[in-house]
Every structure is written in C-alpha cells, then in structure tokens.
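Breakdown of the fold
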Amino acid sequence: MSDDRVSRIRSALDALDPSSLDIRDDSHKHAGHAGARDGRGHFSVRIVSARFEGLLPLKRHRLVYDALGSLMETDIHAVAIQARTPAEAALPVEKP
C-alpha cells in the first residue's frame, strides 16, 4: 500500500514540474497515533520547483497541498514539506 501511495503522491506533485522530488513514507513512526488509525499515512516531501520562485514558504506549502488535493482526505494524514527553488536546492537540507 505504501508504494502505491507514494506513487499517487508523486503523480499529483508532477503538476508542480519538480526538478527534484523525494517522498518518504514515515507512517511506521506514527503507529498507534490517533490520526493514523483511519489508515491514512504520514509522509515527508522534499520538492524543488521553479514554480516556488518569489513565493513565501506558506504559499509554497499551499501549492503543494493544492496539488495533493483529495489525497489529503483519502491517503495522507500528515505531510512534512520542504519546498525549495532550484537556486535554494544547493543549500543544506533542513531536518524535520
């Protein structure tokens, strides 16, 4: 099920034309968590896209949530997002 969800997340985020996209399923870290009982998962997403140029982090995250659309209701309980521009991609990665 996890690989299928990651594949659906990747397909949804393709709408942002990412130059780099890393999706990690962190659901195993949240076993027994009240929000995970409904079967939805926890994910971390690192995405690099020129679409984020000139946007503040909140707007970048909104674009990611909008691209994920109904997956937020059916497959995803929580998602940690690192959204960067290509120019920012060379900077050190933040640890969630």
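Preceding block: the structure.
Conventions adopted
- Residues numbered from 1 in each chain as written.
- Predicted model: local features only at pLDDT ≥ 70, side-chain atom pairs only at ≥ 80, totals over all residues.
- Heavy atoms only, no water.
- Helix = DSSP H or I, 4+ residues; strand = E, 2+ residues; numbered from the N terminus.
- Buried < 20%, exposed > 50% of the residue type's maximum accessible area, 1.4 Å probe, protein only.
- Contact = heavy atoms within 4.5 Å.
- Areas by Shrake-Rupley, 256 points an atom, 1.4 Å probe, with all protein chains shown as cover.
- Pairing = 2+ DSSP bridges.
- Axes fitted to C-alpha atoms, helices over the stretch in contact; angles between N-to-C directions.
- Salt bridge = Lys/Arg side-chain N within 4 Å of Asp/Glu carboxyl O.

1. Some remarks on the overall build of the protein
The secondary structure content of the protein amounts to three helices and three strands. Reading the protein from its N end, one meets helices and strands in the order α-β-β-α-α-β. Put simply, the protein has 96 residues, and 35% of those count as buried. A sequence separation of at least 24 residues applies to 64% of the contacts in the protein between residues at least 6 apart. When the accessible area of the protein is evaluated, it comes to approximately 5,800 Å², of which 54% is carbon and sulfur surface.

2. Here's the deal with the sheet that holds strand β3 (residues 76-84)
Overall, mixed pairing links the three strands, which are arranged β1-β2-β3 in an open sheet. Looking at the sheet topology across the chains shown, the edges are occupied by β1 (20-25) and β3. Adjacent strand axes in the sheet meet at a mean angle of 15 degrees, parallel and antiparallel pairs treated alike. Examined bridge by bridge, β1 and strand β2 (residues 41-48) share six bridges and lie antiparallel to one another. Within the sheet, the bridge partner assigned to Asp25 lies in β2 and is Phe43. Here helix α2 (residues 57-68) sits on the sheet in contact with β2 and β3, set at roughly 135 degrees to β3.

3. Some words on the pattern of salt bridges
On inspection of all chains with the given rule, the structure shows seven salt bridges. One salt bridge in this structure joins Asp75 and Arg8, with 2.1 Å as the shortest N-O distance. With Asp75 in the loop between α3 (71-74) and β3 and Arg8 in helix α1 (residues 2-13), this pair connects stretches of sequence that are 67 residues apart. According to the relative accessible area criterion, Asp75 is buried, its value standing at 7%. Of the charged contacts in the structure, one is a salt bridge between Arg46 and Asp22, with a shortest N-O distance of 2.9 Å. With a gap of 24 residues between them, Arg46 in strand β2 and Asp22 in strand β1 connect regions that are remote in the sequence.

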